[in-house]
Every structure is written in structure tokens, then in C-alpha cells.
Amino acid sequence: MNTFGHLFKVTTFGESHGPALGVVIDGCPPGIPLHESDIQPFMDRRRPGQGPTTTPRNEPDLVDILSGVFEGRTTGMPIAILIRSTGAMSRDYEALRSAVRPGHADQTYQKKYGIRDHRGGGRSSGRETAARVAAGAVAMKCLGIKGMRIRSRITEIHGISDPALFDAEILKAKERGDSVGGCLEVIADGCPPGLGDPVFGKLDAAIAAAMMGIGAVKGVEIGEGFASARMYGSEWNDPLFRSGPATNHAGGILGGISNGEPIYLRLAIKPTPSVSIPQETVDIDGNEMALEIKGRHDPCIVPRAQVVAECMLALVLIDALLMRDRFSSFP
């Protein structure tokens, strides 16, 4: 399951401490203007080593388009993008060769495959999202041509909703060797009606699956989300007028199909599981042990997760747009 999408298919590859990560995009429409400079700004938003609130691992995350683009435009052929890794320090993880880190995928990978990459988690690392962001940047380029824009904002860090305090809350956790999580809001503007398919191809289901596919995300709300459970039907329903809905409690999706209103969702993101505070755990043989994790880790993944969430939403929407337009040639 390293491939995402139906018509706009994205296959990512690479591990946290491998020589490179990358992505192959199959199904991108031809004739889209595309250059590394269209992708790099998204990579720069996600890359580590940009300040005291992120991991000090310094990766330039420069993208290199290897195929699928000729004279500045997509050809309709597979687009291969490579992102080389230069800042890995695998020696920092040697003590974790046999230890199971609490909150990580170490134990589940070991039990499922009988082998795991202890160097930063391999494919389970948040570094894998670099490839998703590269693909999402291409999807953003396609959506932009159709007048669609995706944006996001942090709404909460560790229960704090004042943006002026976010950095201070993250640094407080960092100083004590701990980490914190938070919440994001993601909005897609200019989304046309008709995206998504009935029953098992619902747009909101695809969005929820894409967001939960981001390792740090533990909850997704679309529209009013869980607040819907506390509302009357007369409150939740969006009144309809000739000019459109008066409200958008549905978050731009009804019956699994977009209605032309902005699509908005909220994400709950867990604290980074790598903390330097001593923890109780077991080794791969089940023997109990104490663990103190070394290395370079984010005290909060929320700021860097913003662009990942935006790009995953872009991948869902471009795929849904291409699926919808399959029918455009019929009366």
C-alpha cells in the first residue's frame, strides 16, 4: 500500500535514513507547466532544521524531476521526482536496534514483517511525507489551473489557542525533553460541485482516509464534525437560497459529493513519540527495559504537518476531479 489514488496515482519510496526518497506520479494530465521551482516552496515548508521548534536534522530536500516533463510541461507520462537525503546520523539510533520505542510503529512493523529499520523508523518515519509533499505540489499546480486553492492554519497547540503562545508552548515541552501535539484546520476554496461518488466513493471518506494516512494524525472532522452530535437538525442543515447555502455546516460535502462550497476539515495531531524523558518499554524479544531516546526529533510536528495535510487534500481533490471529468463527454 505505497500507492495512493485512482487516476492520479502516486507511489512513494524511500526510508528515513536511506540515500533518498521519491515519488512516481502516473496520470498527471499533459500540458501542465511544471518546474522544480513549483515544487520546492512546498518542500521548504516541510523540511526540518528551520528553527528551535523543529528537529535540528538539516535536510535541504531539493527536488529533482527525472521524467514526465519536456520543455517545461508535463507530457502525460509518469513523473519521477527524487529527494536526496544528506543529513542522516544513523549512529544515533544504534541503541534502538533491539528496543521498541513507545508510541512508534516499531513493534507493529516487527510483528508484521519480522524485520524493521531501526534508523529513525524507516518507512514509518515522518520523513516519508517529503515524497507526498512533492506529489501534492504537482497536484496543487493542476488544481490551481482550475481555480482551486488550499490553505491551512494551526488552531491549537497542546490546548493553547492563542497563536502568539504556540512557540512558547512548544519550547517549554522541548526544554523538559517532552513533546506536544495540536490541531490544524485545512480549507479548499474554489472546489467545484460534483466531486466524489455515491456510497463507497464518497469524497469525505476519501479525505478522511488520506488524512488518517498521515502518521501523526489521530482524528479528522469534516464540516461541524463532532459538534454535529450536539446540534438540532434544524441548526445543522444549511438553508438554501438562489445565491447558495447560507451556512456551511456540511463542510462543502453532502452525500459524499462536493456542493461547490469551501471544503473544510480539522485534524488532531498527536505529540511526537520520540521524547528524551526515560520511558518503560520492552525489547524485540519482549524483555522489559528502560529507554532514553537520543537523536534529533521534533518537539511538535504540527507546524511541519500543515503542508503535508494540504498536499494530501490536493491529491484527493485532483483524483476526484479527474474521476468526475470522465463523464464530461457524455450528454
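Here we summarise the structure given alongside this text. Here the structure is a predicted model, which is why all the values come from computation and not from measurement. (Residues numbered from 1 in each chain as written. Predicted model: local features only at pLDDT ≥ 70, side-chain atom pairs only at ≥ 80, totals over all residues. Heavy atoms only, no water.)

Here the focus is the overall build of the chain. What the chain contains, in helices and strands, is 7 helices and 17 strands. Expected size for 331 residues packed as a compact globule is a radius of gyration near 20 Å; at 21 Å, the chain falls within 12% of this value. With the C-alpha coordinates aligned to their principal axes, the bounding extent of the chain is approximately 65 × 55 × 40 Å. Here the chain holds 331 residues, and the buried ones make up 45% of them. (Helix = DSSP H or I, 4+ residues; strand = E, 2+ residues; numbered from the N terminus. Rg over C-alpha atoms; globule rule 2.2 N^0.38 Å. Buried < 20%, exposed > 50% of the residue type's maximum accessible area, 1.4 Å probe, protein only.)

Moving on: the packing of helix H5 (residues 203–212) against helix H7 (residues 302–324). Orientation of H5 relative to H7, taken along the N-to-C sense of each, is 145°, at an axis distance of 9 Å. Here the hand of the crossing between H5 and H7 comes out right-handed. Every residue of H7 that contacts H5 at Leu203, Ala206, Ile207, Ala210 and Met211 is listed here: Ala309, Met312, Leu313, Val316, Leu317 and Ala320. In terms of residue class, the contact of H5 with H7 is built from 11 nonpolar, no polar and no charged. (Axes fitted to C-alpha atoms, helices over the stretch in contact; angles between N-to-C directions. Left-handed = near helix turned anticlockwise from the far one by under 90°. Contact = heavy atoms within 4.5 Å. Nonpolar A, V, L, I, M, F, W, Y, C, P; charged D, E, K, R; others polar.)

The next point concerns the pairing of strand E3 (residues 20–26). Counting buried positions over the 7 residues of E3 gives 5, a clear majority of the element. As paired elements, strand E2 (residues 9–13) and E3 share 5 bridges and run antiparallel to each other. Along E3, the bridge assignment pairs Thr12 with Val23. What sits between E2 and E3 in their antiparallel hairpin is a turn of 6 residues, with Gly14 showing a positive phi close to 110°. With 6 bridges connecting them, E3 and strand E7 (residues 79–84) associate as antiparallel partners. Bridged to Leu21 within E7 is Ile83. (Pairing = 2+ DSSP bridges.)

Looking now at helix H3 (residues 129–145). Helix length check: H3 (17 residues) gives 24 Å between terminal C-alpha atoms against 24 Å at 1.5 Å per residue, within 8%. Within H3, 14 of the 17 residues are buried, leaving the element largely enclosed by the surrounding structure. Note on H3: the residue one or two positions beyond its end, Gly147, has a positive phi of about 80°. (Expected span 1.5 Å × (residues − 1).)

Quick look at the state of the cysteines now. One covalent bond between the sulfur atoms of two cysteine residues makes up a disulfide. Following the criterion strictly, the structure yields 0 disulfides and no others. In this model Cys28 remains outside any disulfide bridge; the closest cysteine sulfur is found in Cys142, 3.9 Å from its own. A relative accessible area of 2% places Cys28 in the buried class. With no disulfide of its own, Cys300 lies 10 Å from the sulfur of Cys183, the closest cysteine sulfur. Given the relative accessible area of 1%, Cys300 is considered buried. (Disulfide = S-S within 2.5 Å.)

Here the focus is the pattern of salt bridges. Pairs can form between side chains of opposite charge whenever their charged atoms are close. Taken as a whole and assessed by the stated rule, the structure comprises 16 salt bridges. Arg132 is paired through a salt bridge with Glu128; the nearest N and O atoms lie 3.0 Å apart. Under the relative-accessibility criterion, Glu128 is labelled buried at 8%. The partner of Asp189 in a salt bridge is Arg151, and the shortest N-O contact between them spans 2.6 Å. Note that Asp189 is positioned in strand E9 (residues 182–189) and Arg151 in strand E8 (residues 149–157), a separation of 38 residues in sequence. Look at the salt bridges and you will find they share partners, linking Arg46, Glu59, Asp61 and Arg127 into a network. (Salt bridge = Lys/Arg side-chain N within 4 Å of Asp/Glu carboxyl O.)

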